[in-house]
Amino acid sequence: RNSCSRFVPMPAWLFVFLLSLTAVPVSHLVSLPDLSPLNLFLTSVVLLIAVVAVGVVALKLPPNSWPFHFFSLFAWTAVVDFLICVTLERWIPTLTFYLMRGEPYLKTPHGSMINFWDGTFHYALYLYMCHCIATGKTWKTAGLVWAGSIMNSIFVLLPGACAGAHSAEVKPSFFLNVPYATFPLYIGYTLLRQDTKKSPTRILTRCTPCDLLFILYFIAATVIAFVRVFASVGSQAGWAVQYMEGVEPYIGSVSKFPMLQMLVYAFYFVPFYILAMCAVNNPTAHSWIIDWSAIHMGAALQAQFSYVTGAIHNIPTFPEPGWKAPPNGQMFWLVNGLLTIMPILFWLRCTYCCRPMKTAA
């Protein structure tokens, strides 16, 4: 009954799953010819169009289900990203050619970890959202978490690729990231403006002890963000030098990806922290915080996973020069543990400590 295939009865998520697995043999086949960077880019574009075309032809979907085809495409590329990760970890050699002629800036600890995140966390979200779209279920929260996660990844990846150690090696395949920089913005905008007639606007209820804890966290996170950003841009202040050398030396990576992540924290996360403190202080006037807490959680989880794993693990295939593990493990895990756990707890607080807004009769 839940089948949406025109040819073989199967649920939508299973179709997307099986379609995405074709990325494995296709990646191997593309690695065989000696493609130039431009031909590799053009071949990739043709393959992406073909993946979308297969979904359009093979599936019958409800009206206004066009995001399904984008998510099925992103699920296919997520498998490719996972193959890139395992190539960087020296488990397989399949996509070594792509790392040399497609996106050389991925030959970094950060590049390995963002591909692992895309091939696991994002991949699971794609399957879930495709299932929800095909069956008419809501996928708003999953979509907002995904939008926050993918946008944080792009905000760091694209500038870092142009500013880091591999900036002279940017190839045409760099532009394969354009859909990831545009589609999540549109999806996030659409979900935030989603019709609320069937589900009335919700507002936060007061939870004074918890809210005090979150306010203290947001203040601490703001201080940490500025300490890190000053350290990342090379401040010679004693406290900045001591923090980078003694707690988080990965901030000074030659790839510049950690520095870009610190800038994103300072200029995107900190404004959210300030607005979130206003929201929990006057909850009835800030209904927007419920949806934005999901976006913030997605962005924070992606940021912390790619940063922390890159800081503690150097890739064996292309070891990053100058990389060293955090000297002060306790302080490192305290800071990054808070920045990972608290966004999840804040989303839970916003999601489950709320009530429908009363409307005038």
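Bear in mind that the values here come from a model prediction, so they are computed numbers and not experimental data. (Residues numbered from 1 in each chain as written. Predicted model: local features only at pLDDT ≥ 70, side-chain atom pairs only at ≥ 80, totals over all residues. Heavy atoms only, no water.)

Brief notes about the overall build of the protein
Item 1. Helices and strands together make up the secondary structure of the protein, namely 13 helices and two strands.
Item 2. Taking 2.2 N^0.38 as the reference for a compact globule, 361 residues should give roughly 21 Å; the C-alpha atoms of the protein span a radius of gyration of 22 Å, in line with that estimate.
Item 3. For the protein, the spread of C-alpha atoms along the principal axes amounts to about 60 × 60 × 25 Å.
Item 4. A total of 361 residues make up the protein; the buried ones form 52% of that total.
Item 5. Counting only contacts in the protein whose residues sit at least 6 apart along the sequence, the fraction spanning at least 24 positions is 78%.
Item 6. For the protein, the accessible surface area stands at approximately 16,700 Å², while carbon and sulfur atoms represent 70% of it.
Item 7. Here the protein holds 20 positive side-chain charges and 12 negative ones, and the gap between their average locations is 14 Å. (Helix = DSSP H or I, 4+ residues; strand = E, 2+ residues; numbered from the N terminus. Rg over C-alpha atoms; globule rule 2.2 N^0.38 Å. Buried < 20%, exposed > 50% of the residue type's maximum accessible area, 1.4 Å probe, protein only. Contact = heavy atoms within 4.5 Å. Areas by Shrake-Rupley, 256 points an atom, 1.4 Å probe, with all protein chains shown as cover. Lys, Arg positive; Asp, Glu negative; His and termini not counted. Charge placed at Lys NZ, Arg CZ, Asp CG, Glu CD.)

Digging into the nonpolar core
Among soluble globular proteins, nonpolar side chains are generally buried collectively.
Item 1. Phe71, Tyr126, Trp146, Tyr273 and Phe346 are the most contacted members of the largest nonpolar core, which totals 108 residues.
Item 2. If one sorts the elements of this core by residue count, helix 11 (residues 257-281) sits on top with 14 residues.
Item 3. Among all residues touching Tyr126, those that are not within four sequence positions of it are Phe71, Phe74, Ala75, Ala78, Asp118, Trp146, Ile150 and Tyr180. (Core = buried A, V, L, I, M, F, W, Y, C linked by side-chain atoms within 4.5 Å.)

What about the pattern of salt bridges?
Item 1. Applying the stated criterion across every chain yields a total of four salt bridges.
Item 2. A salt bridge links Arg228 to Glu248, with the nearest nitrogen and oxygen atoms 2.9 Å apart. Placement of the pair is Arg228 in helix 9 (residues 208-232) and Glu248 in the loop between helix 10 (238-246) and helix 11, with a sequence separation of 20 residues.
Item 3. A relative accessible area of 1% means that Arg228 is categorised as buried. (Salt bridge = Lys/Arg side-chain N within 4 Å of Asp/Glu carboxyl O.)

Side note on the confidence of the model for the protein
Item 1. Summing up the model confidence of the protein, the mean pLDDT is 89 and the portion of residues at 70 or higher is 90%.
Item 2. When pLDDT is averaged over each helix and strand of the protein, the minimum, 61, is found for strand 2 (residues 354-356) and the maximum, 96, for helix 7 (residues 140-163). (pLDDT = per-residue confidence, 0-100.)

Considerations on the side chain of Asn115
Item 1. Tracing the backbone through its elements, the reader meets Asn115 in helix 6 (residues 109-135).
Item 2. The class for Asn115 is buried, based on a relative accessible area of 3%.
Item 3. Beyond its immediate chain neighbours, meaning those up to four positions away, Asn115 contacts Asp81, Phe82, Ile84, Cys85 and Leu106.

Some remarks on the environment of Leu18
Item 1. Tracing the sequence through the fold places Leu18 in helix 1 (residues 12-21).
Item 2. Classification of Leu18 by relative accessible area gives partly exposed; the value is 40%.
Item 3. In this structure, the C-alpha to C-alpha distance between Leu18 and Thr208, residues 190 residues apart in sequence, is 48 Å.

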